[in-house]
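Reading the structure
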Amino acid sequence: MFEGTLRLFLVWLCAALFVAPVSMAVAQQKDGINDLKLPGISSYATPKSETPLALGGGGAITLSAQLTDKGADITRGIVWRVFKPEAVNGKLPMVASAHGGTAVFQLEPGSYLVHASYGRAGATKRITVGKDTKRENLVLDAGGLKLDAVLSGGVRIPPKNLRFSIYESHAEPNGDRALIIPDVEPNTVVRLNAGIYHVVSTYGAVNAVIRSDIRVEAGKLTEATVEHHAAEITMKLVRETGGEAIADTSWSLLNESGDPIKETVGAFASMVLAEGDYTIIAKNRDRIYQKDFTVVAGQNQEIEVLATEAAAMDPEEGAD
């Protein structure tokens, strides 16, 4: 009797031990533990700074930058790059970088070149790192430049039609200048080292161009507004005054000297032109029509070219 009871107990115990893991697994699934998705090693974010967290025997160095020698520390917008001073394959090896304002680097003792860029302004300094904590300041000697343009009388120009390019002030013997920043939108603050810059303002895409030399002062925002002497002109070929524009027309625009400055195709020829005298030539179905007109600064106008037999030109006229 006792042996039978003992045998029955052992069978029940084995069954319980077998069922228990299954029950626990079911309970875990219900709790959602098996639904957790743990990231793999490659899923971790890459460190934003290339600076090592710690280097044996290294020293901490704090880097800060100011616009002027008596200015406050710049708190954001700086890109720091630390290089070894010895070039490898013609390039300086970068050992650390950081973004923001004041930055702290942990570097091995030795000599380094530090470059701080703030927009298009920048400065480089040689530093020496030891085992003790140290601080270095870089004076950028930089300021800001904000550009805009208006028409005669102070009329605003649509920003979408206006762009600026900033060049070095010094011109090469052939007249070329080094381009620093192209396609600057109006009222955008550009950070530059203090100095004189050659600024080209372009209204439209033909010949409404103003050039000027502008000085940027350290620690200051220089705001410059230039005045364009130009207007928006729309040309169309019509069979009668006030008529509908004729489609599939080829347009050629000549300046006062007879040089071609713009060609386009369409029912309308719309463009911004500097003030002055022009000749427009319209070609449609092997017929050529011509009209002289004058652009007055700030006075947008529509030019109609009449497609009449009397106004038609001989296609061979002027041919060699």
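Each remark here, short or long, concerns the structure printed above.
Computed from a predicted model, the values in this text were never measured in an experiment.

How each quantity is defined
- Within each chain, residues carry numbers counting from 1 in the order of the written sequence.
- Given that the model is predicted, a residue must reach a pLDDT of at least 70 before its local features are reported, and side-chain atom pairs must reach 80 or more before they are shown or counted; all residues, however, enter totals for whole chains, interfaces and linings.
- For side-chain calculations, the full set of non-hydrogen atoms in the structure is used, while hydrogens and water are omitted.
- For the purposes of this entry, the term helix denotes a DSSP run of H or I that reaches at least four residues, the term strand denotes a run of E that reaches at least two, and both are numbered from the N terminus.
- Here a residue-residue contact requires only that any non-hydrogen atoms of the pair lie within 4.5 Å.
- To be clear on the numbers: accessible area is Shrake-Rupley with a 1.4 Å probe, and residue cover counts the displayed protein chains and nothing else.
- The aromatic pairing rule takes the rings of Phe, Tyr and Trp, using the six-membered ring of Trp, and pairs them if the centres are within 6.5 Å, calling planes under 30 degrees apart stacked, those over 60 edge-to-face and the rest tilted.
- Each residue gets one of three labels from its accessible area relative to the maximum for its type: buried under 20%, exposed over 50%, partly exposed in between, using a 1.4 Å probe on protein chains only.
- Pairing between two strands requires that DSSP report at least two bridges joining them.
- For every element, the axis is a line fit to its C-alpha atoms; helices are fit only across the contacting stretch, and the angle between N-to-C directions ranges from 0 to 180 degrees.
- Salt bridges, as used here, are contacts in which a Lys or Arg side-chain nitrogen is within 4 Å of a carboxyl oxygen on Asp or Glu.
- Working definition of a nonpolar core: buried Ala, Val, Leu, Ile, Met, Phe, Trp, Tyr and Cys residues. They are joined through side-chain atoms within 4.5 Å.

Once that is clear, we can look at the overall build of the protein. In terms of regular secondary structure, the protein is built from one helix and 22 strands. Considering only contacts within the protein whose residues lie at least 6 apart along the sequence, 58% involve residues at least 24 apart. Here the protein has roughly 19900 Å² of accessible surface; of this, 52% comes from carbon and sulfur atoms.

The relative placement of two aromatic rings is captured by the distance of their centres and the angle of their planes. In total, this model carries one aromatic pair according to the counting rule given. Judged by centre distance (5.8 Å) and plane angle (20°), the rings of Tyr-278 and Phe-293 are stacked. One end of the pair, Tyr-278, is in strand S19 (residues 276-284); the other, Phe-293, is in strand S20 (residues 287-295), and 15 residues separate them in sequence. Across the pair, Phe-293 and Tyr-278 agree in class, each one buried.

Moving on, we come to the sheet that holds strand S7 (residues 134-139). Sheet strands associate in pairs through backbone hydrogen bonding, adopting either a parallel or an antiparallel arrangement. Across the sheet, which stays open at both edges, the three strands sit in the order S4-S1-S7 with mixed pairing between neighbours. The two strands at the open ends of the sheet, each matched to only one other strand, are strand S4 (103-107) and S7. Between one strand axis and the next, the sheet turns through 25° on average, direction left out of account. Bridge count between strand S1 (residues 59-66) and S4: five bridges; the pairing is antiparallel. Counted as the bridge partner of Thr-62 is Val-104 from S4.

If you check the backbone angles, Asp-183 has positive phi at about 50° while not being a glycine. Note that Asp-183 resides in strand S10 (residues 177-184). The exposure class assigned to Asp-183 is exposed, which follows from its relative accessible area of 56%. For Asp-248, which is not glycine, the phi dihedral falls at a positive 55°. Secondary-structure assignment places Asp-248 in the loop between strand S15 (230-238) and strand S16 (250-254).

Along the chain, Thr-249 turns up in the loop between S15 and S16. A residue is classified by how much of its surface remains accessible, and Thr-249, at 0% relative accessible area, is buried. When sequence neighbours within four positions are dropped, the list of residues in contact with Thr-249 reads Leu-237, Thr-264, Val-265, Gly-266, Ala-282, Lys-283 and Asn-284.

With that settled, consider the pattern of salt bridges. The tally for this structure, following the rule as stated, stands at ten salt bridges. Lys-134 is the salt-bridge partner of Glu-136, the closest N and O atoms lying 3.5 Å from each other. By relative accessible area, Lys-134 is classed as partly exposed at 33%. Among the ionic pairs, Glu-223 bridges to Lys-146, the shortest N-O distance being 3.7 Å. Residue Glu-223 is found in strand S14 (residues 221-228), and its partner Lys-146 is found in strand S8 (residues 142-151); the two are separated by 77 residues along the sequence. On the basis of relative accessible area, Lys-146 is assigned to the partly exposed category, the value being 22%.

Pairing of S16 with strand S17 (residues 260-265) involves five bridges; the strand directions are antiparallel. Each residue of the ladder has a partner; that of Ser-252, found in S17, is Glu-263. Here S16 folds back onto S17 in antiparallel fashion, the turn holding five residues, of which Gly-258 has a positive phi close to 90°. Bridging between S16 and S19 involves five bridges; their strand directions are antiparallel. Considered in S19, the bridge of Leu-253 is made with Ile-280.

Taking strand neighbours across the sheet as the criterion, the five strands line up as S17-S16-S19-S20-S22 in an open arrangement whose pairing is antiparallel. The strands lining the two open edges of the sheet, one partner per strand, are S17 and strand S22 (312-313). Pairing analysis gives nine bridges linking S19 to S20, with the strands arranged antiparallel. Along S20, the bridge assignment pairs Lys-283 with Ile-288.

A few words on the nonpolar core. Ranked by internal contacts, the top residues of the largest apolar core, which has 23 residues, are Trp-80, Phe-105, Leu-107 and Leu-140. Residue assignment for this core shows that the elements contributing at least two residues are S1, strand S2 (78-83), strand S3 (94-100), S4, strand S5 (110-118) and strand S6 (121-129).

Bringing the environment of Val-184 into the picture now. Within the secondary structure layout, Val-184 lies in strand S10. With relative accessibility at 5%, the residue Val-184 sits in the buried group. Once the C-alpha coordinates of Val-184 and Leu-147 are considered, the two residues, 37 residues apart in sequence, prove to be 8.5 Å apart. If we ignore the near neighbours within four places in the chain, the residues touching Val-184 are Arg-163, Phe-164, Ile-166 and Val-190.

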